[in-house]
Amino acid sequence: MEIRQPSNSRDAKHYTTDRLREEFLIEELFVTGKIKRVYSHIDRIITMGICPGDKAITLDENLDVWKNLGTNSFLERRELGVINIGGKGQITVDGEVYKLNERDGLYVGMGAKEVLFTSDDPKNPAKFYSLSAPAHKTYKNVHIDITNAKQVNLGSDESCNKRTIYQYIHPEVMESCQLSMGLTKMAPGNVWNTMPAHTHERRMEVYVYFDIPEDSVVFHYMGEPTETRHIVMKNEQAVISPSWSIHSGCGTSAYTFIWGMVGENKAFDDMDHLKITDLK
Ligand SMILES: O=C[C@H](O)[C@@H](O)CC(=O)C(=O)O
Ligand SMILES: [Zn+2]
């Protein structure tokens, strides 16, 4: 499993483009028939892309769980959040089958032993974007479709940042230990996410951008508010956002992204808001 160490903001401001991408960008998440995992030492979050082809993929496929996690099963001391950004598929948790349409989510509580991922149609495979974080209590497994998520409408056409936030794993929707997760969709013709930008020292965050047309990119902005940097991102790539960093993006067209947060609290509104004109 690939491991990413945390970066100190005082060092990160000296990074070249290549180094910035090596530390924070996850370039290839979805390969048919494979599970891809990146373990970050920041809050020990694991970011995964799971894309089953004609056979099932298990959460611990090709992984020496004892060597990598020091536990007997992947979720022995972890919780898992999944949102499907591909075709229809299924997740089977200890024999219980959950059908996941495009955009459906699933929370799997600590202690589940066998988690199996399958695609209904290998030609249009499911793409299970997944985040896992350390957990200390078992909360029940929950299937969340986008209509059960809590909706928040933000931004305006004038500011090119009109978007809808769908909170899937969120205290007002369901219970989890530390993971919160959801999806934000830009309205047509709108390109700026999370602007005005914010930080939250108390939580780290991972973004995955998708629904980006082939000939488009998203400029993901990161860094301390007065030392911003950018990473150019293509469709279905993820980016790690340390607690000291802003996380905001501007696309060359509209797009969708999934955010996931772990850390001190699950208070979505616990943010340190920044004045756009104070950014440097
Ligand atoms: O702390 C919250 C996260 O950064 C995202 O949920 C923000 C977001 O989806 C947006 O403003 O578009
Ligand atoms: Zn945030």
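The rules behind these values
- Residues numbered from 1 in each chain as written.
- Chains lettered and ligands numbered in written order.
- Predicted model: local features only at pLDDT ≥ 70, side-chain atom pairs only at ≥ 80, totals over all residues.
- Heavy atoms only, no water.
- Pairing = 2+ DSSP bridges.
- Helix = DSSP H or I, 4+ residues; strand = E, 2+ residues; numbered from the N terminus.
- 1 Å grid on protein atoms, 1.4 Å probe; cavity = no way out; pocket = protein on both sides within 12 Å on 5 of 7 lines; lining within 4 Å.
- Points joined across faces, edges and corners; volume = space filled by probe spheres on them.
- Nonpolar A, V, L, I, M, F, W, Y, C, P; charged D, E, K, R; others polar.
- Axes fitted to C-alpha atoms, helices over the stretch in contact; angles between N-to-C directions.
- Salt bridge = Lys/Arg side-chain N within 4 Å of Asp/Glu carboxyl O.
- Buried < 20%, exposed > 50% of the residue type's maximum accessible area, 1.4 Å probe, protein only.
- Donors = N, O, S within 2.8 Å, 3.2 Å for Na, K, Ca; no water.
- Tetrahedral: all angles 85-135°; square planar, octahedral: opposite > 155°, others 65-115°.
- UniProt positions renumbered as here; feature names shortened; annotations may be inferred.
- Contact = heavy atoms within 4.5 Å.

Caption draft 1: A look at the sheet that holds strand β7 (residues 89-93). With respect to topology, four strands assemble into an open sheet ordered β5-β10-β7-β8, the strand pairing being antiparallel. Two strands lie at the open edges of the sheet, namely β5 (57-58) and β8 (96-100), each paired on one side alone. In this structure, β7 lies alongside strand β10 (residues 115-119), joined through five bridges in antiparallel fashion. The residue of β10 that forms the bridge with Q90 is T118.

Caption draft 2: Representation of the layout of surface pockets. Of the voids in this model, the largest pocket is the one considered here, and its volume is about 420 Å³. Lining the largest pocket we find 26 residues, and of these L154, I165, H198, F268 and M271 sit closest to its centre. Mapped by element, the contributors of at least two residues to the lining of the largest pocket are β13 (150-154), β14 (163-169), β18 (203-210) and β23 (256-263). Class assignment of the residues belonging to the lining of the largest pocket gives a composition of 12 nonpolar, eight polar and six charged.

Caption draft 3: View of the sheet that holds strand β11 (residues 128-134). The strand order across the open sheet formed by seven strands is β1-β3-β4-β11-β6-β9-β12, and the pairing between neighbours is mixed. Two strands lie at the open edges of the sheet, namely β1 (2-4) and β12 (142-144), each paired on one side alone. Between one strand axis and the next, the sheet turns by 20° as a mean value, whatever way the strands run. Two elements, strand β6 (residues 78-84) and β11, share seven bridges in a ladder whose sense is antiparallel. Paired with E79 across the two strands is A133, which belongs to β11.

Caption draft 4: Quick peek at the pattern of salt bridges. For the structure shown, the criterion picks out 11 salt bridges. In this structure, D211 and R103 form a salt bridge, with 2.7 Å as the shortest nitrogen-oxygen distance. With D211 in the loop between β18 and β19 (218-222) and R103 in the loop between β8 and β9 (105-108), the pair connects residues that are 108 residues apart, well separated along the chain. Its relative accessible area of 14% is what places R103 among the buried residues. E172 is the salt-bridge partner of K150, the closest N and O atoms lying 3.6 Å from each other. Taken together, the residues span a long stretch of sequence, with K150 in strand β13 and E172 in the loop between β14 and β15 (180-186) at a distance of 22 residues.

Caption draft 5: The coordination of the zinc ion (ligand 2), seen in detail. Listed as protein donors to the zinc ion (ligand 2) are H198 (NE2), H200 (NE2), E205 (OE) and H247 (NE2); their distances from the metal cover 2.1 to 2.4 Å. Geometry at the zinc ion (ligand 2) is irregular, judged from its six donor atoms and the angles of 73 to 173° they form at the metal. Classification of E205 by relative accessible area gives buried; the value is 4%.

Caption draft 6: Quick look at the UniProt feature "binding site: Zn(2+)" (unreviewed entry) in the protein. Within this numbering scheme, the UniProt entry marks H198, H200, E205 and H247 as carrying the feature "binding site: Zn(2+)" (unreviewed entry). Spanning 50 residues, the named residues nonetheless gather at one spot, since no C-alpha pair among them exceeds 11.7 Å. Checking the annotated residues one by one, the ones that line the largest pocket turn out to be H198, E205 and H247. Tracing the chain through its elements places E205 in strand β18. Filtering out sequence-adjacent residues up to four positions away, E205 remains in contact with H198, H200, V239, I240, S241, H247, W259, G260 and M261. Here H247 lies in the loop between β21 (237-241) and β22 (248-251). If we skip the residues at most four places from it in the chain, H247 touches N193, T194, H198, H200, E205, Y207, H220, Y221 and S241.

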